[in-house]
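Here is how the chains run, residue by residue.
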Amino acid sequence: MLPIIVLIGRTNVGKSTLFNILTKKRNALVSSLSGLTRDRNYEFCYLEKNKKFILTDTAGFDFESKIIKTQAHKQTLIAMKEADLILFVVNAREGILPGEYEILKKIRKYQKESFLIINKIDGIKEVEKIHEFYSLGFKKNIKISASHNQGINHFINKYLTPW
Ligand code: GDP
Ligand code: MG
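As a starting point, this report considers the structure included with it.

What counts and how
Residues numbered from 1 in each chain as written. Chains lettered and ligands numbered in written order. Predicted model: local features only at pLDDT ≥ 70, side-chain atom pairs only at ≥ 80, totals over all residues. Heavy atoms only, no water. Salt bridge = Lys/Arg side-chain N within 4 Å of Asp/Glu carboxyl O. Helix = DSSP H or I, 4+ residues; strand = E, 2+ residues; numbered from the N terminus. Buried < 20%, exposed > 50% of the residue type's maximum accessible area, 1.4 Å probe, protein only. Phe/Tyr/Trp six-rings, centres within 6.5 Å; stacked < 30°, edge-to-face > 60°. Lys NZ or Arg CZ within 6 Å of the ring centre and 35° of its normal. Near = heavy atom within 4 Å. Polar contact = N/O pair within 3.5 Å; in protein donor to acceptor, adjacent residues only side chain to side chain. Areas by Shrake-Rupley, 256 points an atom, 1.4 Å probe, with all protein chains shown as cover. Nonpolar A, V, L, I, M, F, W, Y, C, P; charged D, E, K, R; others polar. Core = buried A, V, L, I, M, F, W, Y, C linked by side-chain atoms within 4.5 Å. Contact = heavy atoms within 4.5 Å. Pairing = 2+ DSSP bridges.

### A short note on the pattern of salt bridges
Here is step 1: Evaluated as defined, the whole model comprises four salt bridges.
Here is step 2: The shortest N-O distance in the salt bridge between D122 and R93 comes to 2.6 Å. In this pair, D122 is assigned in the loop between β5 (113–119) and α4 (127–131) and R93 in the loop between β4 (85–91) and α3 (98–110), connecting sequence segments 29 residues apart.
Here is step 3: With relative accessibility at 40%, the residue R93 sits in the partly exposed group.

Here's what the structure looks like:
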């Protein structure tokens, strides 16, 4: 069995963009519209000989919308349950929002290995905004820009080894 890695986080933080980069495919629906990836989306991800896993993209948690919330939340929770590693993606531009604490509670409940992925660091000048995320208490805080391909190789080489 290959290890399963799941991408979770609020909507629009860049989960599907990162999913597409890692799977090198374009079949995750990337959009600035909220809540388009309703179900779990799996892909085999063969980055190198020793980096083979199944990557799961999720709709994540949309704390503003009430329409597709139930289904999206449910699917995301199932994906978390199945996973060996959780990648919690946050948006460096927005800082920590209340939704992040809700997600953190769910991660703690599952007690799985988890990394914090601080995305959208492109063009960010206020370093404090990024440092704020360290208070979430993750041992591994990884700064990337999925759309600008920054920090991706470092992330793959340093962190996506057997954890
Ligand atoms: P998801 O809802 O978490 O899956 O987010 P998406 O991957 O669909 O991305 C939401 C929006 O953020 C899209 O318009 C992306 O192009 C944009 N985006 C994703 N990653 C980055 C990034 O690193 N920097 C910037 N500036 N925009 C990004
Ligand atoms: Mg998505």
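### Quick word on the packing of aromatic side chains
Here is step 1: Under the defined criterion, the tally for this structure stands at four aromatic pairs.
Here is step 2: Here the aromatic rings of F88 and F138 are separated by 5.9 Å at their centres, their planes lie at 55°, and the arrangement is tilted. On the criterion of sequence distance, the pair formed by F88 in strand β4 and F138 in the loop between α4 and β6 (141–143) is long-range, its members being 50 residues apart. Considered together, F88 and F138 belong to a single accessibility category, that of buried residues.
Here is step 3: Its end group placed over the ring of Y46, K52 keeps NZ or CZ at 5.5 Å from the ring centre.

### What about the site of ligand 1?
Here is step 1: Taken together, the neighbourhood of ligand 1 is formed by 18 residues, with N12, K15, T17, D122 and A146 sitting nearest.
Here is step 2: Interatomic distance of 3.5 Å between a side-chain N/O atom of R93 and a nitrogen atom of ligand 1.
Here is step 3: In the model, a nitrogen atom of ligand 1 is placed 2.7 Å from a nitrogen or oxygen of the D122 side chain.
Here is step 4: Isolated, ligand 1 exposes 570 Å² of accessible area, and the fraction of that covered by the protein chains is 83%.
Here is step 5: A per-element tally of the shell around ligand 1 places helix α1 (residues 15–23) first, with three residues.
Here is step 6: Tallied by class, residues from the shell around ligand 1 come to three nonpolar, 10 polar and five charged.

### Side note on the nonpolar core
Here is step 1: In terms of nonpolar packing, the biggest core is built from 24 residues, with I8, F88, I107, L116, I118 and L136 touching the most fellow members.
Here is step 2: When residues of this core are traced back to their parent elements, those giving at least two are β1 (4–8), α2 (69–82), β4, α3 and β5.
Here is step 3: No other element matches α3, which puts four residues into this core.
Here is step 4: Here I8 is in contact with K15, T58, F61, T76, M80, I86, L87, F88, V89, I103 and I107, once residues within four sequence places are set aside.
Here is step 5: Of all hydrophobic cores here, the second largest spans 23 residues; its members include C45, L47, L85 and L87.

### Concerning the pairing of strand β3 (residues 51–57)
Here is step 1: For β3, the buried fraction is high: six of the seven residues fall into the buried class.
Here is step 2: Where β1 lies against β3, four bridges are found, and the strand directions are parallel. By the bridge assignment for β3, I4 is matched with I54.
Here is step 3: As judged from the seven bridges shared by strand β2 (residues 41–48) and β3, these two strands associate in the antiparallel manner. Paired with F44 across the strands is I54, a residue of β3.
Here is step 4: In this antiparallel pair of consecutive strands, β2 and β3, the connection spans two residues.

This is a description of form; function is not addressed.
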